[in-house]
Amino acid sequence: MIKLESVHIEELRGVRKLDLNLDKRTFAICGPNGSGKSGVIDAIEFGLTGQIGRLSGRGTKGLSVSDHGPHVDRVKFPDAALVSLRVFLPALGKTATITRKVSSPKKPVIVPADADIKAALAEVAEHPELTLSRREILRFIVSEPTKRSEEIQAILRLDEIGQTRSALNSAQNKLRTAHKTAMASVESGKLALQQHLQIATVRREDVLAAVNARRKLLTLRAIADLTADTKLDADLLAETSKPPDFDKTSALREVQAFTDMVGAFPTLGKEDTTKILEALDALGTESSFKEELRKRSFIETGLGLIADPQCPLCDTTWSTALALRQHVAAKALKLKTLGEQEQLLLRHARHLAAEATRIVGALTRLNRIAFQQEDMKLSGVLSVWKADLEAFAGKLSSIEDISELRGRLSGSWLLQPSELLTQVAAVKSRIEALPDQSEALAAQTFLSTAQVRLGDYREAMRRSEAAGLAAKAAQFAYEAYCRVLEDELNTLYDEVQQDFSTFYRDINGSDEATFTAKLTPTEGSLALDVNFYERGLFPPSAFHSEGHQDGMGVCLYLALMKRLFGSRFTLALLDDVVMSVDADHRYQFCKLLKNKFPDTQFIITTHDRLWAEQMKSAGLITSKTSVAFHGWTIDTGPLVESADEIWDEIDAALAKGKVDAAAAALRHHLEYAARLLADQLGATPPFRGDGNYELGELLPSVLKRFKDLLGKAANAAQSWNDAEAKAAIGERKAALAACNGAATVEQWAVNKAVHYNEWANFGKADFTPVVAAYHELLDRFRCATCKSWLYATPRTTPEALRCLCNKTNLNLRPQPG
Amino acid sequence: MSTLQQKIVEQFLEKLAVSPEFDANKVEPLRELLRPQNKIKTEDLVRIFSMADGGDLK
């Protein structure tokens, strides 16, 4: 798989333009709700797969990447909405760039376009599960077993495995029907041979007795043994000038046999067609009956779980447990009946196919006679009918095809051509009118026809044997595949169960050190039960808190991905799911990611700033491998907490005359900086219980606090008689006093014109000085050398005002006494 | 094709290859059919399973 080196996004979802340098390492994006974090995840997912999970699946009807992928102001310009990812492919040791546009999501531009790189990225595109959102977590943990099974099966690509099994099963059914049909052909050929030789059985001595009697008449040597190479008409060609090809007596017998067979047509296969139609009615429509059969094991398992009047699935309370059990038992019985109906249907279908095949054999022989008699009209009719019956028999091997034959099965399924019997009677009359053959000629034609019939019989046996071997091979392969599949899935679920339990214990070991989980797969469902403080196994949502359940979701996801990809699990996008881990257990979660997945690059978003800091202190990320958004506007997209770049963006907006965009960016940057400085300097704005401080409350209190701290620093320097410090502080105070921005903030409460709500209405010339004033003001709060924001330390009773490089370090404690 | 699917296919083919009950000549065509990214059709499987040498009249 891959790792991400860098991400470039333009006009996609809520992002206007954004570059992130991920450097193949775990990366965190922090920001309040609505700041554009998920938009970045959407963009990366789109870059990798061409899809956006949030715009597809359940509950997203009417949404699409083409219509809702671009930024809302660029929906008519999908070509402008693009993502460019620089990726590293560890298995190939190569780096590549993949660029994907909303206008052509399935045609990414890959550079270099090496075949191995394209193949690797095509594989990545098939794995949208690399992205995990909180929505997916809930589907793993709190959903019912059948739904969980579907979700997990989708991740494990069990649909692909199921398709192979289904194809093997279909092949097995088709070959079983083909074998049954071939056996019917053998029976038909055998009867034809018996009929011609006028023998009761096809035992070797009976055949040879009938044949040798004619050979003796023709003074041909007797055939001693009947082997695979024996020719019943051997030496006949050498003894006669013209090879005999027609046996009048035999032909008449054949025609009579066919006429007799037609007499039985009205009732032929009646029982089979009746049973097939009944079974089709019982099964309902093709799709619904298959859906019903899928529920069978789920219902049967549920029956065993009923211990009280409350339904374990929907929590409905019944009058008694017995009443609920009877209700579920009735459902189980109905589904069992459906399974039996399916088997019954296929059994009768195979029998009907055999009947059709027998008729096909008779038609073949009759057609030969019609051809010999040059009755091309009858021969054509028989050929068409024969082809139709062969196709009909071929369709009787799958429920889908049989369903399509419902109309034919309801009527006369044979579709016997009209006036057939008249035509057959005519050819019979023509044969009867032929002069009787001499004994010698009759013997010659008898032998040549016997050889043809024996050849047909042998060929039918060969075909039947081959069909039997094919059916056996298909059955063996299908059963072998099912055994391997079952063993492998049981092993997989066992390993996932172990990993899941281990991961969860790693996070929650302090209070759930003995946690275990059990995954119980049955056909169509996957039950998950977890140990609750050694009181037994229960569904995750029974006793665990929602926070713990979310933690389980992440752990189950990690366990599944580990087993699915093994060492190729190198990238995962966790969209705000880390929030679901309790605050007390986050450090352990970081350790889990670091220690158990050292080769996996996680892209993590969170709206909790504290959590982002915890990830840093745990060593999962660094300042360089994280970014914070402090807001979002429709014009700018995510506002990145970056003091250096924001002024360039504002200047660029002003240069284009976009005062509203520049005003929005300045306002958000001031909000970010004011909040940060209020925190770092210990400012005391009027308290708000909801923590939603207005810029007009924060900034003046920050300025006041800063001035107070500088005053304290000046007093301290005076008490220590520190001339150098006194000079430095004096310079700072003078610079602050001369700052237009400071003057503006001091006027904040009284002068409406400087209030940011009015900014968007300013002209460019009016707003440019406002920007310059605030830029100047904010610079007063930063170190001139390292550019970091100043902070008071310690927080409770500050003793110094410092920067990160310590170049600025103003003592606040005066000399005692 | 997922790792799991690959693993199952490999074990499946190995099982067939060592089984005296299964014609070894069919294993390679099956391997070719079940390779990653291939769409498996029932008719292709029927063709492979029908590849028996064929029996002589006995």
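For the structure itself, look to the data block above.
Quick caveat: nothing in here was measured; it's all calculated off a predicted structure.

**Examining the pairing of strand β6 (residues 104-111) of chain A**
Residue and element names in this part refer to chain A.
Right, so step 1: In this sheet, β6 lies alongside strand β5 (residues 94-101) in antiparallel orientation, the contact comprising four bridges. Looking at the pairing, Thr99 lines up with Val109 of β6.
Right, so step 2: Hairpin connection of β5 to β6: two residues between the antiparallel strands.

**Observations regarding the pattern of salt bridges**
Right, so step 1: For the structure shown, the criterion picks out 41 salt bridges over all chains.
Right, so step 2: Across the pair Arg203(A) and Glu205(A) runs a salt bridge, and its minimum N-O distance is 3.7 Å.
Right, so step 3: Relative accessible area serves as the criterion here: at 47%, Arg203(A) is assigned to the partly exposed category.
Right, so step 4: Among the salt bridges present, the one from Glu488(A) reaches Lys7(B), with a minimum N-O distance of 3.2 Å. In this pair, Glu488(A) sits in helix α17 (residues 439-508) while Lys7(B) sits in helix α1 (residues 3-18), so the two residues belong to two different chains.
Right, so step 5: Among the residues examined, Lys7(B) registers a relative accessible area of 39% and is labelled partly exposed.
Right, so step 6: What you see here is one network of salt bridges that share partners, running through Glu11(A), Arg16(A), Asp73(A) and Arg74(A).

**Some points on the interface of chain B and chain A**
Right, so step 1: The interface of chain B with chain A comprises 28 residues on the first partner and 35 residues on the second.
Right, so step 2: Carbon and sulfur atoms supply 70% of the area buried between chain B and chain A, which totals about 3,000 Å² over both sides.
Right, so step 3: Taken together, the links from chain B to chain A amount to two salt bridges.
Right, so step 4: A salt bridge links Lys174(A) to Glu43(B); the shortest N-O distance between them is 4.0 Å.
Right, so step 5: Here chain B and chain A share two residue pairs in polar contact (both at pLDDT 80 or more) between them.
Right, so step 6: Among the secondary structure elements, those contributing two or more residues to the side of chain B that touches chain A are α1 and α3 (42-49) of chain B.
Right, so step 7: If you tally residues by element for the side of chain B that touches chain A, the top one is α1(B), at nine residues.

**Some words on the side chain of Asp499(A)**
Right, so step 1: Mapped onto the elements, Asp499(A) comes out in helix α17.
Right, so step 2: In contact with Asp499(A), other than residues within four places in its own chain, are Ala559(A), Lys562(A) and Arg563(A).

**Observations regarding a negative patch on the surface**
Residue and element names in this part refer to chain A.
Right, so step 1: A surface patch of like charges, here negative, comprises Glu645, Asp648, Glu649 and Asp651.
Right, so step 2: For Asp651, the location among the structural elements is in helix α22 (residues 643-655).
Right, so step 3: Assessed through its relative accessible area of 42%, Asp651 is described here as partly exposed.

**Section: the sheet that holds β6(A)**
All names here are of chain A.
Right, so step 1: The strand order β2-β1-β4-β5-β6 describes an open sheet built from five strands, whose pairing is antiparallel. Only two strands of the sheet have a single neighbouring strand rather than two, namely β2 (15-21) and β6. Geometrically, the sheet is characterised by an average inter-axis angle of 15° between neighbouring strands, direction not taken into account.
Right, so step 2: By the bridge criterion, eight bridges tie strand β4 (residues 82-89) to β5 in an arrangement that is antiparallel. In the strand pairing of β5, Leu85 is matched with Ile98.
Right, so step 3: Sheet contacts for helix α1 (residues 37-49): β1 (3-12), β2, β4, β5 and β6; angle to β1, the most-contacted strand, approximately 110°.
Right, so step 4: Running at roughly 55° to β5, helix α3 (residues 115-125) makes contact with β4, β5 and β6 of the sheet.

**Focus on a nonpolar patch on the surface**
Right, so step 1: Among the surface-exposed residues, Val72(A), Trp632(A) and Ile634(A) lie close enough to one another that they form a single nonpolar patch of about 250 Å² accessible area.
Right, so step 2: Val72(A) gets classed as exposed once you look at its relative accessible area, which sits at 52%.

**A word on the packing of helix α9 (residues 248-263) of chain A against helix α16 (residues 420-433) of chain A**
The packing of two helices is summarised by the inter-axis angle and the distance between the axes.
Residue and element names in this part refer to chain A.
Right, so step 1: Closest axis-to-axis distance for the α9/α16 pair is 10 Å, and the angle between their directions is 160°. With respect to each other, α9 and α16 are oriented roughly antiparallel. Judged by the twist between their axes, the crossing of α9 over α16 is left-handed. Contact with α9, carried on its side by Lys248, Ala251, Leu252, Val255, Gln256, Phe258, Thr259 and Val262, involves Leu420, Leu421, Val424, Lys428, Ile431 and Glu432 of α16 and no other residues of that element.

**What to know about the packing of aromatic side chains**
The geometry of two aromatic rings is summed up by the distance between their centres and the angle between their planes.
Residue and element names in this part refer to chain A.
Right, so step 1: A complete count under the given rule lists 17 aromatic pairs over all chains for this structure.
Right, so step 2: Ring centres 5.4 Å apart and planes at 65° place the aromatic pair Phe503 and Phe597 in the edge-to-face group. With Phe503 in helix α17 and Phe597 in the loop between α20 (586-596) and β12 (601-606), this pair connects stretches of sequence that are 94 residues apart. When sorted by exposure, Phe503 lands in the same class as Phe597, which is buried.
Right, so step 3: Each ring, one from Phe538 and one from Phe543, has its centre 4.8 Å from the other, and the planes form 90°; the classification is edge-to-face.
Right, so step 4: With relative accessibility at 24%, the residue Phe538 sits in the partly exposed group.
Right, so step 5: Members of the aromatic cluster, each reached through a chain of ring pairs, are Phe503, Phe565, Phe569, Phe597 and Phe602.
Right, so step 6: Sitting over the ring of Phe446, Arg214 keeps its end group 3.8 Å from the ring centre.
Right, so step 7: Over the face of the ring belonging to Trp789 we find Arg782, whose NZ or CZ atom lies 4.8 Å from the ring centre.

**Observations regarding the nonpolar core**
Right, so step 1: Counting 117 residues, the largest nonpolar core has Leu4(A), Phe500(A), Leu558(A) and Phe49(B) as its most contacted members.
Right, so step 2: Apart from residues lying up to four places away in sequence, Leu558(A) is in contact with Phe503(A), Phe569(A), Leu592(A), Leu593(A), Phe597(A) and Phe602(A).

**Remarks on the sheet that holds strand β14 (residues 637-640) of chain A**
Consider a sheet: its strands pair through backbone hydrogen bonds, and that pairing is either parallel or antiparallel.
Residue and element names in this part refer to chain A.
Right, so step 1: If you trace the six strands from one edge of the open sheet to the other, you get β7-β11-β12-β3-β13-β14, paired in mixed fashion. The open sheet is flanked by β7 (131-133) and β14, the only strands paired with a single partner. Between one strand axis and the next, the sheet turns by 25° as a mean value, whatever way the strands run.
Right, so step 2: In terms of strand pairing, strand β13 (residues 626-633) meets β14 through four bridges, oriented antiparallel. Residue Gly631 lies in a different strand from β14, and its bridge partner there is Leu639.

**Brief notes about helix α13 (residues 376-394) of chain A**
For an α-helix, the turn length of 3.6 residues means that residues three or four places apart are oriented alike.
All names here are of chain A.
Right, so step 1: Here α13 contains 19 residues, and its C-alpha end-to-end distance of 27 Å stays within 8% of the 27 Å for a straight helix at 1.5 Å per residue.
Right, so step 2: Restricting attention to buried positions, one finds in α13 the residues Leu378, Ser379, Leu382, Trp385, Leu389, Phe392 and Ala393. What you see down the axis of α13 is that its buried residues fit within an arc of 150°, all on one side. Turned more than 90 degrees off the buried face of α13, the exposed positions are Lys377 and Val384.

**Overview of unusual backbone geometry**
Residue and element names in this part refer to chain A.
Right, so step 1: Here Val111 and Pro112 are connected by a cis peptide whose omega angle stands at -5°.
Right, so step 2: You can see Pro112 is positioned in the loop between β6 and α3.
Right, so step 3: Residues Thr793 and Pro794 are joined by a peptide bond in cis, for which omega reads -10°.
Right, so step 4: Assignment of secondary structure puts Pro794 in the loop between β15 (791-793) and β16 (800-802).
Right, so step 5: Within the chain, Arg13 stands out as a residue other than glycine whose phi angle is a positive 50°.
Right, so step 6: Tracing the backbone shows Arg13 in the loop between β1 and β2.

**Some words on the side chain of Arg100(A)**
Residues and elements named next belong to chain A.
Right, so step 1: Among the secondary structure elements, Arg100 is positioned in strand β5.
Right, so step 2: Salt bridges are absent for the buried Arg100, whose nearest opposite-charge side chain, Glu126, sits at 8.9 Å.
Right, so step 3: Within the local environment of Arg100, its side chain forms a polar contact with the backbone oxygen of Phe46, the two atoms lying 3.1 Å apart.
Right, so step 4: Side-chain polar atoms of Arg100 contact the backbone oxygen of Leu48, separated by 3.2 Å.
Right, so step 5: Once residues lying within four places of it in the same chain are set aside, the contact partners of Arg100 are Phe46, Gly47, Leu48, Thr49, Gly50, Ala81, Leu82, Val83, Pro105, Lys106, Pro108 and Ala125.

**A few points about the packing of α20(A) against helix α21 (residues 609-617) of chain A**
Residues and elements named next belong to chain A.
Right, so step 1: The contact between α20 and α21 brings their axes to 9 Å, and the two run at 50°. The angle between α20 and α21 places the two elements in the oblique class. The element α20 and its partner α21 pack so that their crossing is right-handed. Two secondary-structure elements touch here, α20 through Arg586, Phe589 and Cys590 and α21 through Trp611, Gln614 and Met615.
Right, so step 2: Here the contact of α20 with α21 is built from residues that sort into four nonpolar, one polar and one charged.

Definitions and limits used
Residues numbered from 1 in each chain as written. Chains lettered and ligands numbered in written order. Predicted model: local features only at pLDDT ≥ 70, side-chain atom pairs only at ≥ 80, totals over all residues. Heavy atoms only, no water. Pairing = 2+ DSSP bridges. Helix = DSSP H or I, 4+ residues; strand = E, 2+ residues; numbered from the N terminus. Salt bridge = Lys/Arg side-chain N within 4 Å of Asp/Glu carboxyl O. Buried < 20%, exposed > 50% of the residue type's maximum accessible area, 1.4 Å probe, protein only. Contact = heavy atoms within 4.5 Å. Buried area = accessible area lost by both parts, 1.4 Å probe. Polar contact = N/O pair within 3.5 Å; in protein donor to acceptor, adjacent residues only side chain to side chain. Patch = residues over 30% accessible without salt bridge, like charges linked within 9 Å, V, L, I, M, F, W, Y side chains within 5 Å. Areas by Shrake-Rupley, 256 points an atom, 1.4 Å probe, with all protein chains shown as cover. Lys, Arg positive; Asp, Glu negative; His and termini not counted. Charge placed at Lys NZ, Arg CZ, Asp CG, Glu CD. Axes fitted to C-alpha atoms, helices over the stretch in contact; angles between N-to-C directions. Parallel < 35°, antiparallel > 145°, perpendicular 65-115°, else oblique. Left-handed = near helix turned anticlockwise from the far one by under 90°. Phe/Tyr/Trp six-rings, centres within 6.5 Å; stacked < 30°, edge-to-face > 60°. Lys NZ or Arg CZ within 6 Å of the ring centre and 35° of its normal. Core = buried A, V, L, I, M, F, W, Y, C linked by side-chain atoms within 4.5 Å. Expected span 1.5 Å × (residues − 1). Arc of directions from axis to C-beta. Nonpolar A, V, L, I, M, F, W, Y, C, P; charged D, E, K, R; others polar.

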